[in-house]
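Here are the chains, one letter per residue:
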Amino acid sequence: MKKRFLSVSLAAVTAASAVLSGCSSSSGAGSAGEVYVYNWGEYIDEEVIDMFEEETGIKVIYDMFETNEEMYPIIEAGARVYDVVCPSDYMIQKMIDNNLLAEINFDNIPNYSQIDPEYIERSRAFDPENKYSVPYTWGTVGILYNTGMVAPEDVPTKWMDLWDEKFDGEILMQDSVRDAFMVALKALGYSMNSTDPDELAEARDLLIRQKPLVQAYVIDQVRDKMIGGEAAIGVIYSGEMLYIQEEVENLGLDYSLEYVIPEEGTNVWIDSWVIPANARNKENAEKWIDFLCRPDIAKMNFEYITYATPNKGAFDLLDEDLQNNKAVFPDVDSLNNCEVFSYLGEDVDMMYNEMWKEVKSK
Amino acid sequence: MNRKLLAGPYIVWVIGFTVIPLLMIVYYGLTDASGAFTLANIMEIAREEHAKALWLALLLSLASTVICLLLAFPLAMVLRKRGVGRGSFVIFLFIMPMWMNFLLRTLAWQTLLEKNGAINAFLSFLHLPGISIINTPGAIILGMVYNFLPFMVLPLYNVLCKIDDNTINAARDLGANFFQTLVWVWIPLSLPGIISGITMVFVPALTTFVISNLLGGGKILLIGNVIEQEFTKSGNWNLGSGLSLVLMIFILISMMLVEKYDKNGEGTAF
């Protein structure tokens, strides 16, 4: 009796997962070859894939990853060969250092001219000669606070406000090593790319001091928890702001959520397209990148992803409201103390990881 | 010959998905990044953070196993009396939630337990004080008990159904009271089910990282979380494998217990 119930339930689970895993590749006959794309989850308007296939005749095989760290070993081991990948800044540097990337032939990407030189300049932090990467999205990390729970005189302006005992149990921190250490290092006035063991130890102790005040260490859930009024204050990626603002309006909440770039400076992150050294369809990959740089396509993707676009052409096509939305497109002045993450090498990475573990196990 | 052929797919399966991965874990666990032999990854368990995570995991999974047993045993006894038809229906109700994905159910608990969650909304509607167990070890134990309780109920129910009513009646006739019957008849006869239930709850509870992540708010680091992070975030497969080997010792111990008390496989749920 029980046997049957169990096997039925197992079958249901297997069937469900088979259905889910079935949607990773998209259809469309390819006469002009293929391109294997490896991108973040929910990081493209899916219509764009169809449009690309239709216009170029290139068949897109599209896979998704969730973290840079998950993507890296796959590219490194060549477990699956991709033609074009979209990692973040520091990971691109790591891939360059380990000779995993091919130089892009920018002659094949005429729409590269649409990318704002500001972000090409900032990309030098991880791609010093701008040879390997084409910026796709960018943003900042800042503090989100609930106007209903934070009194006007307590509005956070700096990272150190996350250590304020007024916010006991009301703080959401990012559950990832570099982001958490960025907050502490910046609060202490150090570089978020610090490799100095003393500075890192100081940051670690600061994070341990903060732990009793922290409600939870989360990543994507900061957004929903803040919308739901679970916490008063949290560390968040600016890319979530458009969604948050819309949701607050839709739900008719009696509070609003405001975004602050702390005065100590923060992380400006850039996700860029790169071509792995072992790519088999490099020209198709370049066509893919060029297509995504086209202003109308970049605008479609921006509207879907809602992470700021470095594409001038797309920015110009946006409504004035959006262009002036400071949470999404902050003033360049407020970015003065900001940095881009760089890859610090394996040894330093290990040091960060060990110290983070010490924080988490306290 | 024919039978050997039939076994072929399973042999391929076991080699491909059990033996080879296991050997890889052993290989990574006993080597360092350069591939040289070392015991350092295993000795890492003695490090303060790792030992603490292991200790916490043992504590929480032990607590949830005991709670599962205390909840499941009376239930299985009640169900046994109901006879096949109605008893199985209740069992069916127990299994039904398992048709839904385990992650979703755990996420649902998060929403239920949150400060502004469903349970607190209900309590405040009744003007009762709210609960705040989310992001505490208590919430993790609750999640473990909820998720693994069916694995305790099934083997117990299975084994209790096989106890002859006459055995119980004989004990009563000879003057044993309820507790004496429980201690001298019920429990010894259901030992195979108890042991296999304990293993089926204890092992997944000991190794879980999802429940502690979702219901512990990332503030409580269990050994499963440490291993998961070594693999997915830190990229240190050697250390992750080394700690997995240590964890495997506890799993082997519980498997040996099953081997000892459940020789005929009576208590298995599947």
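Analysis parameters
Residues numbered from 1 in each chain as written. Chains lettered and ligands numbered in written order. Predicted model: local features only at pLDDT ≥ 70, side-chain atom pairs only at ≥ 80, totals over all residues. Helix = DSSP H or I, 4+ residues; strand = E, 2+ residues; numbered from the N terminus. Rg over C-alpha atoms; globule rule 2.2 N^0.38 Å. Buried ≥ 20, exposed ≤ 12 C-beta atoms within 10 Å, placed from the backbone. Contact = placed C-beta atoms within 7 Å. Core = buried A, V, L, I, M, F, W, Y, C linked by C-beta atoms within 7 Å. Domains from an automatic or database assignment. Nonpolar A, V, L, I, M, F, W, Y, C, P; charged D, E, K, R; others polar. Axes fitted to C-alpha atoms, helices over the stretch in contact; angles between N-to-C directions. Parallel < 35°, antiparallel > 145°, perpendicular 65-115°, else oblique. Left-handed = near helix turned anticlockwise from the far one by under 90°. Pairing = 2+ DSSP bridges. Expected span 1.5 Å × (residues − 1). pLDDT = per-residue confidence, 0-100.

Scanning chain A for helices and strands turns up 14 helices and 11 strands. Compactness check: chain A gives a C-alpha radius of gyration of 22 Å against a globular reference of 21 Å for 362 residues, within 12% of the reference. Seen through its C-alpha atoms, chain A measures out along the principal axes to roughly 70 × 65 × 45 Å. Split into buried and exposed, the 362 residues of chain A put 44% on the buried side. Put simply, of all contacts in chain A between residues at least 6 apart along the chain, 78% involve residues at least 24 apart.

Looking now at the overall build of chain B. Scanning chain B for helices and strands turns up 11 helices and 0 strands. Ordering the α and β elements of chain B from the N terminus gives α-α-α-α-α-α-α-α-α-α-α. With respect to the three principal axes, the spread of C-alpha positions in chain B is 70 × 70 × 35 Å. Expressed as a percentage of the 270 residues in chain B, the buried residues total 36%. Sequence separation of at least 24 residues holds for 75% of the intrachain contacts in chain B that already meet a minimum separation of 6.

With that settled, the discussion passes to the nonpolar core. Nonpolar side chains in soluble globular proteins generally cluster together in the buried interior. Formed by 97 residues in total, the largest nonpolar core has its most connected members in Val84(A), Leu172(A), Ala184(A) and Ile289(A). If you tally residues by element for this core, the top one is helix 6 (residues 177-187) of chain A, at 8 residues. When residues of this core are sorted by domain, at least three fall in each of domain 1 (25-137 + 270-329) and domain 2 (139-268 + 338-361) of chain A. Contact partners of Ala184(A), with chain neighbours within four places excluded, come to Ala203(A), Leu206(A) and Leu207(A). The next biggest cluster of nonpolar side chains, apart from the first, holds 50 residues, and it includes Leu142(B), Leu154(B), Ile227(B) and Leu243(B).

A separate point is unusual backbone geometry. The general pattern is negative phi for most residues beyond glycine and trans for most peptide bonds. Its identity as a non-glycine residue notwithstanding, Glu42(A) has a phi of 50°, on the positive side. When you line up the elements, Glu42(A) lands in the loop between strand 1 (34-40) and helix 2 (46-56). At Asn135(B), a residue that is not glycine, the phi angle is positive and equals roughly 65°. Note that Asn135(B) resides in the loop between helix 5 (118-125) and helix 6 (137-161).

Our next topic: the environment of Tyr307(A). Residue and element names in this part refer to chain A. For Tyr307, the position within the fold is in the loop between helix 11 (295-305) and helix 12 (312-317). Note on Tyr307: 22 C-beta atoms within 10 Å, which makes it buried. A sequence separation of 197 residues divides Tyr307 from Pro110, and the C-alpha atoms of the two residues are 23 Å apart. Setting aside its immediate chain neighbours within four residues, Tyr307 contacts Thr137, Gly139 and Gly239.

Moving on, we get to the domain arrangement of chain A. Residue and element names in this part refer to chain A. By the assigned domains, chain A splits into domain 1 (25-137 + 270-329) and domain 2 (139-268 + 338-361). Look at where the C-alpha atoms of domain 1 and domain 2 centre, and you get two points 27 Å apart. Residue contributions to the side of domain 1 that touches domain 2 peak at 5 residues, all from helix 4 (residues 89-97). When the residues that make up the side of domain 1 that touches domain 2 are grouped by side-chain class, the tally is 8 nonpolar, 3 polar and 4 charged.

The next subject is the packing of helix 4 (residues 102-113) of chain B against helix 6 of chain B. Residue and element names in this part refer to chain B. Contact geometry for helix 4 and helix 6: axes closest at 11 Å, N-to-C directions at 140°. It follows that helix 4 is oblique to helix 6 by the angle criterion. Crossing angle aside, the handedness with which helix 4 passes helix 6 is right-handed. Across from Phe102, Arg105, Thr106, Trp109 and Leu113 in helix 4, the residues of helix 6 making contact are Ala139, Gly143, Tyr146 and Asn147. In terms of residue class, the contact of helix 4 with helix 6 is made up of 5 nonpolar, 3 polar and 1 charged.

In this section: the interface of chain B and chain A. By a widely used convention, the size of an interface equals the accessible area lost when the partners come together. Counting residues at the interface gives 26 residues for chain B, matched by 27 residues for chain A. Of all elements in the fold, only helix 3 (48-95), helix 6 and helix 10 (223-232) of chain B reach the threshold of two or more residues within the side of chain B that touches chain A. The element that contributes the greatest number of residues to the side of chain B that touches chain A is helix 3 of chain B, accounting for 7 residues. A per-class count over the side of chain B that touches chain A returns 11 nonpolar, 9 polar and 6 charged.

Residue and element names in this part refer to chain A. The 3 strands are arranged 2-1-3 in an open sheet whose pairing can be described as parallel. Single-partner strands in this sheet number two, and they are strand 2 (59-65) and strand 3 (84-85). Relative to strand 2, strand 1 runs parallel, the two being bridged by 7 bridges. Counterpart to Val37 in the pairing with strand 2 is Tyr62.

To continue, consider the packing of helix 6 of chain A against helix 14 (residues 346-361) of chain A. Residues and elements named next belong to chain A. Interhelical geometry of helix 6 versus helix 14 gives an angle of 80° and a closest axis separation of 10 Å. As judged from the angle between their axes, helix 6 and helix 14 are roughly perpendicular. The residues of helix 14 that touch helix 6, namely those facing Val177, Arg178, Ala180 and Phe181, are Tyr352, Asn353 and Trp356. Residue composition of the contact of helix 6 with helix 14, by class: 5 nonpolar, 1 polar and 1 charged.

Looking down a regular strand, the side chains alternate between one sheet face and the other. Residue and element names in this part refer to chain A. Buried residues dominate strand 8 (residues 233-237), accounting for 5 of its 5 residues. Here strand 8 shows no split at all, with Ile233, Val235 and Tyr237 on one side and Gly234 and Ile236 on the other all buried. Sheet analysis places strand 5 (residues 134-146) next to strand 8, joined by 5 bridges and oriented antiparallel. Each residue of the ladder has a partner; that of Tyr145, found in strand 8, is Ile233.

All right, on to the pairing of strand 1 of chain A then. Residue and element names in this part refer to chain A. Burial analysis of strand 1 places 6 of its 7 residues in the buried class, which makes it a mostly covered element. Relative to strand 3, strand 1 runs parallel, the two sharing 2 bridges. Bridge assignment links Val37 to a residue of strand 3, and that residue is Val84.

End to end, helix 14 of chain A covers 22 Å across 16 residues, agreeing with the expected 22 Å (1.5 Å per residue, within 8%). Those residues of helix 14 of chain A that fall on the buried side of the exposure criterion are Tyr352(A), Met355(A), Trp356(A), Lys357(A), Val359(A), Lys360(A) and Ser361(A).

What follows concerns the confidence of the model for chain B. On average, residues of chain B carry a pLDDT of 89, and 95% of them reach 70 or more. On the interface metric, ipTM, the complex scores 0.86, and its pTM is 0.83.

Residues and elements named next belong to chain A. With respect to the element layout, Val274 can be found in the loop between strand 10 (268-273) and strand 11 (275-276). Given 27 C-beta atoms within 10 Å, Val274 falls into the buried group. Separated by 187 residues in sequence, Val274 and Pro87 place their C-alpha atoms 7.6 Å apart. The residues touching Val274, leaving out its near neighbours within four places in the chain, are Val85, Pro87, Ile92, Met95, Leu101, Tyr132 and Ser133.

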